[in-house]
Amino acid sequence: ERQIIVDGILGRGVKNVVFLGGDVHYVQANAYDPNGDGVPDFHEFIAGPLSAAPGRVTPASVGLRPTTLINESGYMNFGLIRVTKSSFAVTVIDEAGAIRFSHHLSAR
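Only a predicted model underlies this, so the values are computations on that prediction, with no experimental measurement involved.

Asks: Please clarify how the sheet that holds strand E3 (residues 42–47) should be interpreted in this entry.
Replies: Either a parallel or an antiparallel arrangement is found when strands of a sheet pair, and the pairing is made through backbone hydrogen bonds. Reading across from one edge, E1-E3-E2-E4 is the order of the four strands in this open sheet, with mixed pairing throughout. Edge positions in the sheet fall to strand E1 (17–22) and strand E4 (66–72), since each of these pairs with one other strand and no more. Each strand axis lies, on average, 10° off the axis of its neighbour in the sheet, ignoring direction. Note that strand E2 (residues 27–32) and E4 share six bridges and pair antiparallel. Bridged to glutamine 28 within E4 is asparagine 71.

Asks: Help me understand the nonpolar core, please; the structure alone is not making it clear to me.
Replies: As a rule of thumb, nonpolar side chains are buried together in soluble globular proteins. Judged by nonpolar contacts, Val27, Ala29, Phe45, Ala47, Ile70, Tyr75, Phe88, Val90, Val92, Phe101 and Leu105 together constitute the single largest core of eleven residues. Sorting the residues of this core by element identifies E2, E3, strand E6 (87–94) and strand E7 (99–106) as the ones contributing at least two each.

Asks: It is not clear to me how the side chain of threonine 91 should be interpreted in this structure. Could you clarify?
Replies: Within the secondary structure layout, threonine 91 lies in strand E6. In this structure threonine 91 comes out as buried when scored by relative accessible area, which is 13%.

Asks: Sorry if this is basic, but what is going on with the side chain of asparagine 30 here?
Replies: The topology assignment puts asparagine 30 in strand E2. Side-chain polar atoms of asparagine 30 contact the side chain of threonine 68, separated by 3.2 Å. With residues near it in sequence (within four places) discarded, asparagine 30 still touches Phe42, His43, Glu44, Ala60, Pro66, Thr67, Thr68 and Leu69.

Asks: What exactly am I supposed to notice about the pairing of strand E5 (residues 77–83) here?
Replies: On any regular strand, side chains alternate: one points to one face of the sheet, the next to the other face. The pairing of E5 with E6 spans seven bridges and is antiparallel. Looking across to E6, one finds that arginine 82 is bridged to alanine 89. Following E5, the chain reverses through three residues before pairing antiparallel with E6.

Asks: I keep staring at the pattern of salt bridges and nothing clicks. Help me out?
Replies: If the charged atoms of two oppositely charged side chains come close together, the side chains can form a pair. Evaluated as defined, the whole model comprises two salt bridges. Across the pair glutamate 72 and arginine 100 runs a salt bridge, and its minimum N-O distance is 3.8 Å. With glutamate 72 in strand E4 and arginine 100 in strand E7, this residue pair connects regions lying 28 residues apart in the sequence. Ionic pairing is found between aspartate 94 and arginine 100, a salt bridge with its closest N-O pair at 3.1 Å. Residues joined in a network through salt bridges with shared partners are Glu72, Asp94 and Arg100.

Asks: What should I look at first to understand the environment of isoleucine 46 in this one?
Replies: Positionally, isoleucine 46 belongs in strand E3. In this structure the C-alpha to C-alpha distance between isoleucine 46 and phenylalanine 78, which are 32 residues apart in sequence, comes to 9.1 Å. For isoleucine 46, the residues in contact, after removing those within four places along its chain, are Gly21, Val24, Tyr26, Val27 and Gln28.

Basis of the calculations
- Residues numbered from 1 in each chain as written.
- Predicted model: local features only at pLDDT ≥ 70, side-chain atom pairs only at ≥ 80, totals over all residues.
- Heavy atoms only, no water.
- Pairing = 2+ DSSP bridges.
- Helix = DSSP H or I, 4+ residues; strand = E, 2+ residues; numbered from the N terminus.
- Axes fitted to C-alpha atoms, helices over the stretch in contact; angles between N-to-C directions.
- Core = buried A, V, L, I, M, F, W, Y, C linked by side-chain atoms within 4.5 Å.
- Buried < 20%, exposed > 50% of the residue type's maximum accessible area, 1.4 Å probe, protein only.
- Polar contact = N/O pair within 3.5 Å; in protein donor to acceptor, adjacent residues only side chain to side chain.
- Contact = heavy atoms within 4.5 Å.
- Salt bridge = Lys/Arg side-chain N within 4 Å of Asp/Glu carboxyl O.

Structure (structure tokens):
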């Protein structure tokens, strides 16, 4: 099923694809380049939850040629997303209010 989605993104040239995930009890962000052309075809951001015990991290799927931007656990967190016509920004904040990760994407 995942490959059908990836093939659809690549085959149709869909731009600005971002997958969001939550409630997995760790923080992870990846840029994926499944066609290997050196340009990320989509991104994935995972955060949360704010009020449950941290979980065990899992690696990104190597078959999609990920660049891991962050992959860590050990603290409660939540994600803040800001989307405009020209950009997408994600910030992960821990239970003390500290920024643990921030990333900005410009629309293509």
